[in-house]
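Chain by chain, the residues run as shown.
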Amino acid sequence: MASVRVLYASEHHSTQEIADRIGERLRLSGHHVETQALRASSEGQGPLPGDALVLGSAVHDGAWLPAAEGFVRDNADRLGDRPTWMFSVGMTAALPGPLRRLAERMVQPRIAALVEVVRPRDHGRFSGVIRREHLDRKGALLFRLLGCRYGDHRDWAAIDAWADGIARELDMWRGGRARGSGTRDDDA
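Reading the values: the criteria
- Residues numbered from 1 in each chain as written.
- Predicted model: local features only at pLDDT ≥ 70, side-chain atom pairs only at ≥ 80, totals over all residues.
- Heavy atoms only, no water.
- Axes fitted to C-alpha atoms, helices over the stretch in contact; angles between N-to-C directions.
- Helix = DSSP H or I, 4+ residues; strand = E, 2+ residues; numbered from the N terminus.
- Left-handed = near helix turned anticlockwise from the far one by under 90°.
- Contact = heavy atoms within 4.5 Å.
- Nonpolar A, V, L, I, M, F, W, Y, C, P; charged D, E, K, R; others polar.
- Core = buried A, V, L, I, M, F, W, Y, C linked by side-chain atoms within 4.5 Å.
- Buried < 20%, exposed > 50% of the residue type's maximum accessible area, 1.4 Å probe, protein only.
- Salt bridge = Lys/Arg side-chain N within 4 Å of Asp/Glu carboxyl O.
- Phe/Tyr/Trp six-rings, centres within 6.5 Å; stacked < 30°, edge-to-face > 60°.
- Pairing = 2+ DSSP bridges.

### A look at the packing of helix H2 (residues 66-74) against helix H4 (residues 109-118)
Item 1. Between H2 and H4, the shortest axis-to-axis distance is 10 Å and the interhelical angle comes to 35°. Between H2 and H4 the crossing geometry is left-handed. Of the residues in H4, those touching H2 at Glu69, Val72 and Arg73 are Arg110, Ala113, Leu114, Val117 and Val118.
Item 2. Considering only residue class, the contact of H2 with H4 consists of five nonpolar, no polar and three charged.

### So, the nonpolar core
Item 1. Counting residues in each nonpolar core, the largest one holds 22 residues, and the members touching the most others are Val4, Ile22, Leu26, Val54, Phe87, Trp162 and Leu170.
Item 2. Among the elements of the structure, strand S1 (3-9), helix H1 (14-28), strand S3 (52-60), strand S5 (84-90) and helix H6 (156-179) are those that each provide at least two residues to this core.
Item 3. At seven residues, H6 tops the list of elements feeding residues into this core.
Item 4. Excluding its chain neighbours within four sequence positions, the residues that come into contact with leucine 26 are Val4, Val6, His31, Val33, Val54, Ala163, Ile166, Ala167 and Leu170.
Item 5. If you look at the next biggest cluster of nonpolar residues, it comprises 19 residues, including Leu38, Leu48, Leu79 and Met86.

### Concerning the pattern of salt bridges
Item 1. For the coordinates displayed, the defined rule picks out nine salt bridges.
Item 2. Across the salt bridge formed by arginine 110 and glutamate 69, the nearest N and O atoms sit 3.0 Å from each other. Note that arginine 110 is positioned in helix H4 and glutamate 69 in helix H2, a separation of 41 residues in sequence.
Item 3. Residue classification places glutamate 69 among the buried positions, given a relative accessible area of 14%.
Item 4. In this structure, the salt-bridge partner of glutamate 169 is arginine 121, at a minimum N-O distance of 3.4 Å. Here glutamate 169 is found in helix H6, whereas its partner arginine 121 is found in the loop between H4 and strand S6 (123-127), with 48 residues between them in sequence.
Item 5. Shared partners join several salt bridges into a network, and the residues in it are Arg21, Arg25, Asp160 and Asp164.

### Brief notes about H2
Item 1. Regarding H2, the residues found buried are Ala67, Ala68, Glu69, Gly70, Phe71 and Val72.
Item 2. Packed against the buried residues of H2 are S1, S3, strand S4 (63-64) and H4.

### Considerations on the packing of aromatic side chains
Item 1. Enumeration over the complete set of coordinates arrives at four aromatic pairs.
Item 2. Seen in terms of ring centroids, phenylalanine 126 and tryptophan 162 are 5.6 Å apart; in terms of plane orientation they differ by 80°. Their pairing is edge-to-face. Taken together, the residues span a long stretch of sequence, with phenylalanine 126 in strand S6 and tryptophan 162 in helix H6 at a distance of 36 residues.
Item 3. The structure contains a cluster of three or more aromatic residues connected by ring pairs, namely Phe87, Phe126 and Trp162.

### Points about the pairing of strand S2 (residues 32-37)
Item 1. Note that S1 and S2 share six bridges and pair parallel. Following the sheet pairing, valine 6 is matched in S2 by threonine 35.

Now the structure itself:
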């Protein structure tokens with residue numbers, strides 16, 4: 001069993017619910033999980049507890065929310081100490097066909113920079129919930145002109161599969177550590 005911290009930044013609760021679901025799937029696989037919202041400032045938080053981290057954020061304007069982006073920047077030197085996974089929650093599935101396919105292939109530079117800093121084992125990309133009240137007037141007009149659809153676009157089966165993949169990797173990682181494989185002392 002691994003101890004896992006699931007840390008997230010969410011504005012309209014969609015990402016929070018995805019983080020909770022990931023945490024629940026990891027718990028069902030026998031891991032100890034703490035799920036926690038990221039604060040605006042992570043300075044002075046002390047050591048990062050847990051054997052592994054799952055970091056996630058809603059995506060607004062091609063970037064993670066400030067609390068999540070700040071957490072990565074503030075803790076960059078400490079994130080390589082343990083297995084880490086990242087996930088981003090955007091609105092790709094709300095887009096019409098051709099735009100959706102383009103968005104699925106698009107690299108968002110600010111998120112790519114965070115992925116480069118963390119070097120996670122995987123970076124999952126999911127769609128969330130988009131409602132009219134989430135957008136300002138200009139955003140709602142653009143959303144409509146592009147032919148996008150409001151609603152809950154989360155693919156729970158894909159989210160579950162991603163979380164189950166993390167659980168399997170943690171089982172292998174913990175199994176290797178329990179046997180002492182890969183440590184310098186065992187080679188002596």
